[in-house]
Structure formats: structure tokens, C-alpha cells
Amino acid sequence: MSHQVYPGPDGRPYEGFLATPATDEPRPLVVLGHDWSGINAATRAVARRVASYGYACFAIDAYGQGVRGDERGDNAHLMDPVLADRDDLRARLLAGYGFGRSLPSVRSDRVATLGFCFGGICALDLARARAPGLLGTISVHGGLRTPTSAPRIDGRVLLLHGWADPIAPPEDVVAIARELTDAGADWELRAYGHAMHAFTFEGANQPEAGIAFHPTAATRAWDAIEAFLGEVLGP
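These lines cover the structure that appears in this document, whether it is placed above or below. This structure is a prediction, so every number in the text was calculated from the model and none was measured. (Residues numbered from 1 in each chain as written. Predicted model: local features only at pLDDT ≥ 70, side-chain atom pairs only at ≥ 80, totals over all residues. Heavy atoms only, no water.)

## Some remarks on unusual backbone geometry
Stated precisely, the cut-off is as follows: Strands are runs of DSSP state E lasting at least two residues, helices are runs of H or I lasting at least four, and both sets are numbered from the N terminus onward.
Notably, His141 is not glycine yet its phi reads approximately 35°, a positive angle. Mapped onto the elements, His141 comes out in the loop between β6 (134-140) and β7 (156-162). In this model, His194 sits at a positive phi of 70°, which is unusual for a non-glycine residue. With respect to the helices and strands, the residue His194 is situated in the loop between β8 (186-192) and β9 (205-206).

## Comments concerning the nonpolar core
As a reminder, the rule being used: Nonpolar core, defined: a set of buried Ala, Val, Leu, Ile, Met, Phe, Trp, Tyr and Cys residues in which side-chain atoms within 4.5 Å join the residues together. Burial here depends on accessible area, computed with a 1.4 Å probe over protein chains only, as a share of the maximum for the residue type. Under 20% is buried, over 50% is exposed, and the range in between is partly exposed.
Ranked by internal contacts, the top residues of the largest apolar core, which has 38 residues, are Phe58, Phe118, Leu126 and Ile153. Tallying contributions element by element places helix α4 (residues 118-128) first for this core, with five residues.

## Re the sheet that holds strand β5 (residues 106-116)
Sheet strands associate in pairs through backbone hydrogen bonding, adopting either a parallel or an antiparallel arrangement. Filter applied, for reference: When DSSP finds at least two bridges between two strands, those strands are taken to pair. Simply put, an axis is a line fit to the C-alpha atoms, just over the touching stretch for a helix, and the angle between two N-to-C directions goes from 0 to 180 degrees.
Strand order in this open sheet of eight strands is β1-β2-β4-β3-β5-β6-β7-β8, and the pairing throughout is mixed. The sheet is open, and its two edges are formed by β1 (2-7) and β8, each paired on a single side. Across the sheet, the mean angle separating the axes of adjacent strands is 20° when strand polarity is ignored. Alignment of β7 against β8, held across seven bridges, turns out to be parallel. Residue Leu160 lies in a different strand from β8, and its bridge partner there is Arg190.

Distances and angles like these do not, on their own, reveal function.
Below is the structure:
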């Protein structure tokens, strides 16, 4: 487990987090998008969990080295400016993605992306960018709206969605289904009834805002993540 500093497209340093299984053999890579607070404890815990499945997991940094928010607070001041320029966000994501693929502990030809909340947006944007070597994409309670549609999306896409999530209402679900279909993606949607935004995060407890942990949906989502990665990347 280690922090990795790499250059961003704007010349600033960015700091990712790498988790690997206990092996000297290069492993398939899962590129992880962080939530709106940046690479904090929750993102590092996800990376370690993915590594326990036998993959290298590199959490890429969309904000810049040292730019981190409050895991239990409002981080719109960090996320909103980044989302306002999706071309710049895509450049940041591709820089981290490329750095992750260059690491000696990974197989650059076997790559998937995974992201939760804001990270789900990042994972989908990497699929829209047709990142090199990308075989599969998973968005977990991520935002689904995009200002532009990709003409083509390669590889498989899995959306794990809480049906009661106000961040991604039903009209957004229908819209991304159309987008993925028109882009020729091999896509799948799993919607969990009564699950709200951030349903996999145990600390989420703001049901009045549509944000709450849902243990049943979380278990099912993690089972789906592990199965999808096994199908796309191999055991």
C-alpha cells in the first residue's frame, strides 16, 4: 500500500493511492475514482478491499495533491468546479489512468474502472474517453448525467444504482440507458429498491437528504462488483 505522486495535465502534482495483493506477479488493474471528499479513508479502504480480490487497485486523484475534503461534510466546493469543466476533468482522469497503467505491479492490458458517487462519474467519463486498455467500468451510486454523449463506448459497463437516489432520478437512468445503447456499449443496470445515495457507505446517515447506508443493497453491490471484475479481468 503506497501513495504515488504523478504529474497532472496542468503541471501540478497529483497523489494517488496504490493497493496490491501480496504477490510479486503483475496483476490486473482496477482504477478507482474517489468520492467528492478526495482520496480519504473510505477510498483507501475500497482500494484495499479490491486488492484482497487479487487485483492491483490504483485510486486516481481528481483534485490535486493535498486537496482533500471532509468525508462526512459538504464537499461541493471541491467537486462542483471540477464538474464544471468536463474536458479538464477528463484530462486529469486520463493522466492518473495512464500513470496507473505504467506501474510495474500491474498488467496494463487488463484494466477496469470503479467509482463511487463522484468517482462513479469519473469511471464513466473514462469509459466515454475510451481510455486505452479499458475492458470494464463500474459506477456505484454515481451521477449519471453528462453534458455530452460519447459516440462510442468500448468494453462492458455496470451501473449499480439506488432507486431512491435523488442525485440520479429515474429520468437520468433512462437517459444513460439511451446513451450507452447508442454508443454500442455492453451495459447492465442493477437498481436496488429503497436504496438511497451512498448506500454502500456505512457512515451515510442523512435520509432527509436522500443519503443513507443500505446494508442489503451494499452486500449485493459488492457481490456484483467482485463477480464483474472476475468476468472482465479474470481471477
